[in-house]
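Given next are the chains, with one letter for each unit.
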Amino acid sequence: MKKIDCKISDAEWIVMKVLWEEAPLTAAKIIEALSSNTEWSPKTIHSLISRLVKKGALGVNKEMPQYEFYPLVDKRDVILEETRSFIQKVFDGSLHLMLANFIKDEKISEKEIEELQRLLDKKMNE
């Protein structure tokens, strides 16, 4: 899969999640998957799919009777890019500032603290 070099909107994320779960899928299958948790019309979903294809996030197999769509970008790469963009926009690129604000202002369970500590310890030993 290629690296993501485009911004994916919130609505497009929902479409991508469907295709990261299972691909390739026809537009009809994507519409069916989204009908239970959105109120989008089929036309709206077709528009989102088209935008994702134009952005290079989705590929399309036109050799089938019904076109099949599949991700061209890895979910992990997109999450990492979105995270970096968020940290840059909101915290001026400071991971420390983001974590400090999050830890100070959010309720974190003991289990979550232990997991964060484990991750930090692992990172220190790399």
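The notes below deal with the structure included here. Since this is a predicted model, take the numbers as computed values, not measurements.

1. A closer look at the sheet that holds strand E3 (residues 68–71)
The strand order across the open sheet built from three strands is E1-E3-E2, with neighbouring strands paired in antiparallel fashion. In this open sheet, the two edge strands, each paired with only one partner strand, are strand E1 (25–26) and strand E2 (58–61). As paired strands, E1 and E3 are joined by two bridges and run antiparallel to one another. Bridge assignment links threonine 26 to a residue of E3, and that residue is glutamate 68. This element, helix H1 (residues 10–21), spans E1, E2 and E3 of the sheet and lies at about 95° to E3.

2. Regarding the packing of aromatic side chains
Evaluation of the coordinates by the stated rule reveals two aromatic pairs. Between tryptophan 13 and tryptophan 20, the aromatic rings sit 5.5 Å apart at their centres with planes inclined by 65°, giving edge-to-face as the arrangement. Both residues of the pair, tryptophan 13 and tryptophan 20, count as buried. A centroid spacing of 5.9 Å and a plane angle of 75° characterise the contact between phenylalanine 86 and phenylalanine 91, whose relative ring orientation is edge-to-face. Residue phenylalanine 86 is classed as partly exposed on the basis of its relative accessible area of 39%.

3. What about the pattern of salt bridges?
One pass over the full model with this rule turns up four salt bridges. For the salt bridge of lysine 55 with glutamate 12, the shortest nitrogen-to-oxygen distance reads 2.7 Å. Residue lysine 55 is located in helix H3 (residues 42–55), and its partner glutamate 12 is located in helix H1; the two are separated by 43 residues in the primary sequence. Each of Glu12, Arg51 and Lys55 takes part in a single network of salt bridges with overlapping partners.

4. Observations concerning a nonpolar patch on the surface
On the surface, a nonpolar cluster with roughly 510 Å² of combined accessible area is contributed by Leu95, Leu99, Phe102, Ile103, Leu116 and Leu119. Where the nonpolar patch is concerned, the elements lending two or more residues are helix H5 (95–105) and helix H6 (110–124). Top element by residues in the nonpolar patch is H5. It accounts for four residues. Within the secondary structure, phenylalanine 102 sits in helix H5. Assessed through its relative accessible area of 44%, phenylalanine 102 is described here as partly exposed.

5. What about H3?
Its 14 residues give H3 an end-to-end C-alpha distance of 20 Å, which sits within 8% of 20 Å, the value for a rise of 1.5 Å per residue. Every buried residue of H3 is listed here: Ile45, Leu48, Ile49 and Leu52. Looking down the long axis of H3, one finds its buried residues gathered within 100° of arc, a one-sided arrangement. The exposed residues of H3 that point more than 90 degrees off its buried face are Lys43 and Lys54. Against H1, helix H2 (27–35), E2 and E3 lie the buried residues of H3.

Parameters at a glance
Residues numbered from 1 in each chain as written. Predicted model: local features only at pLDDT ≥ 70, side-chain atom pairs only at ≥ 80, totals over all residues. Heavy atoms only, no water. Pairing = 2+ DSSP bridges. Helix = DSSP H or I, 4+ residues; strand = E, 2+ residues; numbered from the N terminus. Contact = heavy atoms within 4.5 Å. Axes fitted to C-alpha atoms, helices over the stretch in contact; angles between N-to-C directions. Phe/Tyr/Trp six-rings, centres within 6.5 Å; stacked < 30°, edge-to-face > 60°. Buried < 20%, exposed > 50% of the residue type's maximum accessible area, 1.4 Å probe, protein only. Salt bridge = Lys/Arg side-chain N within 4 Å of Asp/Glu carboxyl O. Patch = residues over 30% accessible without salt bridge, like charges linked within 9 Å, V, L, I, M, F, W, Y side chains within 5 Å. Areas by Shrake-Rupley, 256 points an atom, 1.4 Å probe, with all protein chains shown as cover. Expected span 1.5 Å × (residues − 1). Arc of directions from axis to C-beta.

Geometric values such as these leave the question of function open.
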